Amino acid sequence: MKCYFTGNSPYARKVRVAAYETGLGDEVEWMTLTREERAEVVPEFNPLGKVPVAVLDSGQVLLDSPVICAYVDSLNKGSKLIPEEGDARWAVLTLEAMGDGFGEAIIAVSQESQKPDDKRTQGVIDRQMGKATGALALLDKQAGDFNDPPLMGEISVACALGYMEYRDVIPGWREDYPALASWYVEILKRQSFILSRPE
Ligand SMILES: N[C@@H](CCC(=O)N[C@@H](CS)C(=O)NCC(=O)O)C(=O)O
């Protein structure tokens with residue numbers, strides 16, 4: 001399997017962490033792209049132009065990150081990142097979706113904030129920031145119950161937080177959400193997160 005990704009995408013990082021956590025990192029041919037290369041290469045496989053996108057040896061294309069992570073986990077012979085059944089499965093998938101959606105809000109704030117003054121819409125920033133801080137407040141309450149070792153939900157949350165810090169979208173968040181911040185400090189020590197740090 002080939003996996004196309006850019007070095008700072010939180011969604012691509014989810015796939016990288018999932019592969020490293022399950023010991024499958026070496027089974028994947030990692031195809032690092034610059035933003036320019038992404039625009040050239042990815043539409044051939046994914047008309048949405050987004051990474052991550054995976055191409056199996058059969059030629060079958062997989063997108064997006066929840067699907068690729070679920071595929072990686074299907075190859076995993078060890079303890080699953082996504083429980084196969086029961087309430088635990090839906091809890092993990094819901095936390096994964098929360099992390100992904102939180103990441104979307106962070107990306108939207110970051111992109112809008114980078115626009116020149118005359119093109120920037122403060123209402124967009126405020127609306128997306130409201131989503132992001134709402135998610136942070138919820139995750140801060142939940143952090144004490146997070147799975148250790150992390151499952152797919154925790155991986156998604158940590159990848160989104162990593163992007164938020166990389167773009168410095170909410171400076172000082174660690175003081176405002178201390179339970180989440182303490183948990184985050186620990187998860188960052190895992191080899192899977194060290195190997196996939198945003199560039
Ligand atoms: N829901 C998708 C989101 C993927 C996504 O938004 N990727 C961004 C990078 S973080 C991208 O490739 N953007 C390029 C574009 O939109 O043209 C997933 O989970 O994989």
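Residues numbered from 1 in each chain as written. Predicted model: local features only at pLDDT ≥ 70, side-chain atom pairs only at ≥ 80, totals over all residues. Heavy atoms only, no water.

For the chain, the assigned domains read domain 1 (2–75) and domain 2 (86–191). Distance between the C-alpha centres of domain 1 and domain 2: 21 Å. Carbon and sulfur atoms supply 61% of the area that domain 1 and domain 2 bury against each other, a total of about 1,200 Å² over both sides. Seen at the junction of domain 1 and domain 2, the total is three salt bridges. Among the ionic pairs, D100 bridges to K14, the shortest N-O distance being 2.9 Å. For the pair domain 1 and domain 2, the number of links is six residue pairs in polar contact (both at pLDDT 80 or more). Of all the elements in the fold, those that place two or more residues in the side of domain 1 that touches domain 2 are α1 (10–21) and α3 (65–75). (Domains from an automatic or database assignment. Buried area = accessible area lost by both parts, 1.4 Å probe. Salt bridge = Lys/Arg side-chain N within 4 Å of Asp/Glu carboxyl O. Polar contact = N/O pair within 3.5 Å; in protein donor to acceptor, adjacent residues only side chain to side chain. Helix = DSSP H or I, 4+ residues; strand = E, 2+ residues; numbered from the N terminus.)

A word on the packing of helix α6 (residues 152–166) against helix α8 (residues 178–187). When two helices pack together, their arrangement is given by the angle between the helix axes and by the axis-to-axis distance. Interhelical geometry of α6 versus α8 gives an angle of 95° and a closest axis separation of 11 Å. As summarised for this structure, α6 and α8 are arranged roughly perpendicular, according to the angle between their axes. Only L180, W183, Y184 and I187 of α8 make contact with α6, whose side of the interface consists of E154, V157, A158, L161, G162 and E165. Its residues placed into classes, the contact of α6 with α8 shows seven nonpolar, one polar and two charged. (Axes fitted to C-alpha atoms, helices over the stretch in contact; angles between N-to-C directions. Parallel < 35°, antiparallel > 145°, perpendicular 65-115°, else oblique. Contact = heavy atoms within 4.5 Å. Nonpolar A, V, L, I, M, F, W, Y, C, P; charged D, E, K, R; others polar.)

The full count for this structure, using the stated rule, is one cavity of 30 Å³ or more. Estimated volume of the largest cavity: approximately 40 Å³. What lines the largest cavity is G7, N8, S9, P10, R13, C159, G162, Y163, S196 and P198. At the level of elements, α1 and α6 are the ones that each hand at least two residues to the lining of the largest cavity. Looking at the lining of the largest cavity, the element that brings in the most residues is α6, giving three residues. (1 Å grid on protein atoms, 1.4 Å probe; cavity = no way out; pocket = protein on both sides within 12 Å on 5 of 7 lines; lining within 4 Å. Points joined across faces, edges and corners; volume = space filled by probe spheres on them.)

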